[in-house]
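Residues per chain are reported as follows:
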Amino acid sequence: MTTTDASPRVGRRLGDLLFAGTARAAGITILIALAGVATFLIVEGIPGIVTTQSSAFAGKASFVSYTWPLVFGTVLAAVIALLIATPLAVGAALVIGFYAPRRLATPLGYMIDLLAAVPSVVYGLWGATLLAPKMQPTYAWLADHLSFIPFFAGPASATGRTILTAGVVLAIMVLPIITAICREIFAQTPALHREAALALGATRWEMIKMAVFPYARSGLVSGVMLGLGRALGETMAVAMVLSASSAVTFNLIGSQNPSTIAANIALSFGERTGVERNTLIATGLVLFVITFIVNFLARGIVARGRKGS
Amino acid sequence: MSSTFPSSTLPPRSLTANALPRWAPLLVAVVSAGLGVLASVLFSWGVAGLVLVAGSAMLLLLPLWSAVVENGRKAKDRLMTGLVWSTLAVALLPLVSLLWKVISKGAPQINGDFLTYTMRNVILAQQGGIYHALIGTLLVTVMAGIISIPIGIFCAIYLIEYGAGSRLAQAITFLVDVMTGIPSIVAGLFAYALLVALLGPGTQMAFGGAIALSLLMIPVVVRSTEEMLKLVPNDLREAAYALGVPKWRTIAKVVLPTALSGIITGVTLAIARVIGETAPLVIICGMTDGVNTNPFSQAMATLPVFIYSTFQEGTGTSVSAIANADRAWGAALVLIVIVMALNLLARFIGKIFAPKTGR
């Protein structure tokens, strides 16, 4: 009697143990994987920082003077991208959420999502062969007429493959991320407030200004930060579009452009050997830390917004 | 008393007084389009000038008319409506341009030979193909899937069914968020650093690419599976427990089948996301002209890296450069078709099998 009772229970416990163990192991694998990422990047990156071989820094004196223009270019391209993408993304999310008839809104949402599905290498191909030549006349015009603004100091690049073009391509790539988050945030704003505003005679824009934006502010900030994280780490589009040198300049339309960390790694990895590659891994570590901080702040803002609402 | 109040105090007037007629936007659109055509013909500005002039005319005329007939608030509303719609148009413009360019440049390249030949011993403008790159992409993606799908699904099971609220689960949730933000190039560098530390410097193998891709794929699988498991009603679990079903069988036979369609959708989308990843593969998989089916040694060509390298070799006006640039467009079209097909498949699966959770 006791044996027949006990055996299924043991079997049950064994199955549960195995299953729970596998699930827990999968979770712990993620811990190990991330610890591994940090460890291996540090272990393989440090020799590239402390090395005295000058070819590792492409002629620069130290790791800092090698990395600084890259960090500058990375942040500059990402900021340009966000300045362009944020208003467009908010507008697109408003159309899908409040302006478009429901039957139209869903396909429009799909189309914005399609933007996210296009691989970055295809964006690079498109940006380098179609967008850059199309932008070039605009740059020439800007350099002729607005050269008193430091951003358009000129002389304009002959190919159009400038950091501004790279920023435009990045903007297209981060737009669907910001739009998706904005749509989610806008949908969460209290419907009663929106309806009350309309019932009191507010126009649609006044309703959005009074009943949607105040609730969406923290979500907007976090969406933009997530877009920033994506823009900072984007590699192929920038590597293919930008014709880079190591200049530190705010001239957005010239032929001397700062490269970005990610694009620099992809472009120069093949031709480097030994400790020179370790230096690239170290710059990758810098990129990892920057994107980590940005994403961390973004998630923090999201979490705080959720707690508040 | 109250029923007579409005008519006795207000002058009788129509509801539509001081309002633009319903056809006003249409009229303004027609007028603006006419202005655009006129301007583009007069100054020969082409299609871009037409669209620009017509768009800004539309944006200005309707609010102005509204400000005259209606009032400032309504004029502002009309202005903002125009602006908001035009942001959407501007946002979708690149998509249309990109798809048009890829299809018009890529379609002439696609033929049977392009899909079944490799680039081995292909010189100048001879017919080459992407067969080796297709095989490589298939191998790398399948390996990445084999690594990341079980880990991702089991991790989500742990987070929802076992760990809920525990400190380990909180740490994992946080780290999955961190993983979502890892730049793809950093994932590639990690795979390279790992292989260098284990096998010595200069190692190139496709398995490293699979490691890098699974690093990017796992968080997507975890997130989507988690969302789907959360949707499974607790009643189902409790009913199974009440019948004496052990927890692991409840998960395997009740929870997972209920959420299956959503999980498959999520996994398909994750594959669609990583199949176009280029940066890590440039570093760890490299490029070669022939078929390599051994993922543990030597370089392996993949479709995204093929696009990148033919693009790099395709600058200039020499015969081989032009041929390479064309091949890049052909390969880009094939890649986009694959990615779009995966996305459509995911939506299809989601639609067909969705009602299971609706009870």
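You'll find chain B entered in an unreviewed UniProt entry as Phosphate transport system permease protein PstA, with Nocardioides jejuensis given as the organism. Chain B has a UniProt comment under Subcellular location (unreviewed entry) that states "Cell membrane". Listed under Function (unreviewed entry) in UniProt, the entry text for chain B is "Part of the binding-protein-dependent transport system for phosphate; probably responsible for the translocation of the substrate across the membrane."

For chain A, the name recorded in an unreviewed UniProt entry is Phosphate transport system permease protein, with Nocardioides jejuensis as its organism. What UniProt records for chain A under Function (unreviewed entry) is the sentence "Part of the binding-protein-dependent transport system for phosphate; probably responsible for the translocation of the substrate across the membrane." Checking UniProt for chain A, the heading Subcellular location (unreviewed entry) contains the comment "Cell membrane".

K.L.:
Sorry, what's going on with the overall build of chain B here?
P.N.:
Scanning chain B from terminus to terminus reveals 14 helices and zero strands. Reading the helices (α) and strands (β) of chain B from amino to carboxyl end gives α-α-α-α-α-α-α-α-α-α-α-α-α-α. The globule rule puts the C-alpha radius of gyration for 359 residues at 21 Å, and the 29 Å found for chain B is more than 25% above it. Judged by the C-alpha coordinates and their principal axes, chain B covers about 90 × 75 × 35 Å. Buried residues in chain B amount to 43% of all 359 residues.

K.L.:
What is the right way to look at the confidence of the model for chain B in this model?
P.N.:
For residues with low pLDDT, the predicted coordinates do not support detailed interpretation. Residue and element names in this part refer to chain B. Looking at chain B, pLDDT values average 85 and 94% of them are 70 or higher. A low-confidence stretch, residues 1-5 (pLDDT under 50), is modelled with zero contacts involving residues beyond four sequence positions or located in other chains. Reported for the predicted complex are a pTM of 0.87 and an ipTM of 0.87.

K.L.:
What's the story with the interface of chain B and chain A in this structure? I'm lost.
P.N.:
Where interface size is quoted, it is often the accessible area lost as the parts come together. Taken residue by residue, the interface counts 72 residues in chain B and 65 residues in chain A. In terms of residues, the side of chain B that touches chain A owes the most to one element, helix H4 (residues 72-106) of chain B, which gives 20 residues. Class assignment of the residues belonging to the side of chain B that touches chain A gives a composition of 55 nonpolar, nine polar and eight charged.

K.L.:
What should I look at first to understand the UniProt feature "transmembrane region" (unreviewed entry) in chain A in this one?
P.N.:
Residues and elements named next belong to chain A. Under the UniProt annotation, the feature "transmembrane region" (unreviewed entry) is placed at residues 17-43, 63-96, 108-126, 163-187 and 279-298. Here residues 17-43 is 100% helix and 0% strand, with 36 Å between the C-alpha atoms at its ends. Secondary structure over residues 108-126 splits into 89% helix and 0% strand, and the C-alpha atoms at its two ends are 22 Å apart.

K.L.:
What is the right way to look at the UniProt feature "transmembrane region" (unreviewed entry) in chain B in this model?
P.N.:
Residue and element names in this part refer to chain B. Under the present numbering, the feature "transmembrane region" (unreviewed entry) in UniProt falls on residues 23-43, 49-68, 80-100, 130-160, 172-199, 205-222, 254-272 and 328-349. Secondary structure within residues 49-68 divides into 100% helix and 0% strand; the distance between the first and last C-alpha atoms comes to 28 Å. Across residues 172-199 one finds 89% helix and 0% strand; the C-alpha atoms that close the span lie 30 Å apart.

K.L.:
Even after reading the chapter, I still don't get the packing of helix H3 (residues 46-69) of chain B against H4(B), so can you show me in this structure?
P.N.:
Packed helices, taken two at a time, are described by the angle their axes make and the gap between the axes. All names here are of chain B. As a packed pair, H3 and H4 sit with axes 7 Å apart at the nearest point and diverge in direction by 165°. On the basis of their axis angle, the class for H3 and H4 is roughly antiparallel. In this structure, H3 meets H4 at a crossing whose hand is right-handed. Facing Gly55, Met58, Leu59, Leu62, Pro63, Ser66 and Ala67 of H3, the residues of H4 in contact are Gly72, Lys74, Ala75, Arg78, Leu79, Gly82, Leu83 and Ser86. Residues of the contact of H3 with H4, tallied by class, amount to eight nonpolar, five polar and two charged.

K.L.:
Sorry if this is basic, but what is going on with the packing of helix H10 (residues 234-242) of chain B against helix H11 (residues 247-275) of chain B here?
P.N.:
Residues and elements named next belong to chain B. Between H10 and H11, the shortest axis-to-axis distance is 10 Å and the interhelical angle comes to 155°. Classified by the angle their axes make, H10 and H11 are roughly antiparallel. Crossing of H10 over H11 shows right-handed handedness. Packed against H10, whose contacting residues are Leu236, Arg237, Ala240 and Tyr241, the element H11 presents Thr250, Val254, Val255 and Thr258 at the interface. In terms of residue class, the contact of H10 with H11 is made up of five nonpolar, two polar and one charged.

K.L.:
I'm lost on the UniProt feature "domain: ABC transmembrane type-1" (unreviewed entry) in chain B in this one. Help?
P.N.:
In this structure's numbering, the residues bearing the UniProt feature "domain: ABC transmembrane type-1" (unreviewed entry) are residues 134-346 of chain B. The span residues 134-346 of chain B shows a helical share of 79% and a strand share of 0%, and its end C-alpha atoms are spaced 21 Å apart.

K.L.:
Honestly, unusual backbone geometry in this entry has me stumped. Any pointers?
P.N.:
A negative phi holds for most residues other than glycine; trans holds for most peptide bonds. Phi angles above zero are rare outside glycine, and Gln298(B) is one such case at about 70°. Position of Gln298(B) relative to the elements: it lies in the loop between helix H12 (279-284) and helix H13 (303-313).

K.L.:
What should I look at first to understand the domain arrangement of chain B in this one?
P.N.:
Residue and element names in this part refer to chain B. By the assigned domains, chain B splits into domain 1 (5-107) and domain 2 (116-358). Relative to domain 2, the C-alpha centre of domain 1 lies at a distance of 43 Å. The interface of domain 1 with domain 2 comprises five residues on the first partner and five residues on the second. Looking at the side of domain 1 that touches domain 2 residue by residue, the class counts come to three nonpolar, one polar and one charged.

K.L.:
How do you make sense of the UniProt feature "domain: ABC transmembrane type-1" (unreviewed entry) in chain A when you look at a structure like this?
P.N.:
Cross-referencing UniProt, the feature "domain: ABC transmembrane type-1" (unreviewed entry) maps to residues 71-298 of chain A in the present numbering. With 76% helix and 0% strand, residues 71-298 of chain A has end C-alpha atoms that lie 20 Å from one another.

K.L.:
Which parts of the structure should I look at to understand the nonpolar core?
P.N.:
What tends to happen in soluble globular proteins is that the nonpolar side chains get buried as a cluster. Ranked by size, the top nonpolar core spans 187 residues in total, and within it Leu170(A), Phe190(B), Ile307(B) and Ala332(B) carry the most contacts. Ranked by residues supplied to this core, first place goes to helix H5 (residues 163-188) of chain A with 17 residues. Not counting chain neighbours up to four residues away, the residues in contact with Ile307(B) comprise Val121(A), Leu125(A), Ala328(B), Ala331(B), Ala332(B) and Leu335(B). Ranked by size, the runner-up nonpolar core spans six residues in total, among them Val28(B), Val53(B), Ala54(B) and Leu61(B).

The rules behind each value
- Residues numbered from 1 in each chain as written.
- Chains lettered and ligands numbered in written order.
- Predicted model: local features only at pLDDT ≥ 70, side-chain atom pairs only at ≥ 80, totals over all residues.
- UniProt positions renumbered as here; feature names shortened; annotations may be inferred.
- Helix = DSSP H or I, 4+ residues; strand = E, 2+ residues; numbered from the N terminus.
- Rg over C-alpha atoms; globule rule 2.2 N^0.38 Å.
- Buried ≥ 20, exposed ≤ 12 C-beta atoms within 10 Å, placed from the backbone.
- pLDDT = per-residue confidence, 0-100.
- Contact = placed C-beta atoms within 7 Å.
- Nonpolar A, V, L, I, M, F, W, Y, C, P; charged D, E, K, R; others polar.
- Axes fitted to C-alpha atoms, helices over the stretch in contact; angles between N-to-C directions.
- Parallel < 35°, antiparallel > 145°, perpendicular 65-115°, else oblique.
- Left-handed = near helix turned anticlockwise from the far one by under 90°.
- Domains from an automatic or database assignment.
- Core = buried A, V, L, I, M, F, W, Y, C linked by C-beta atoms within 7 Å.

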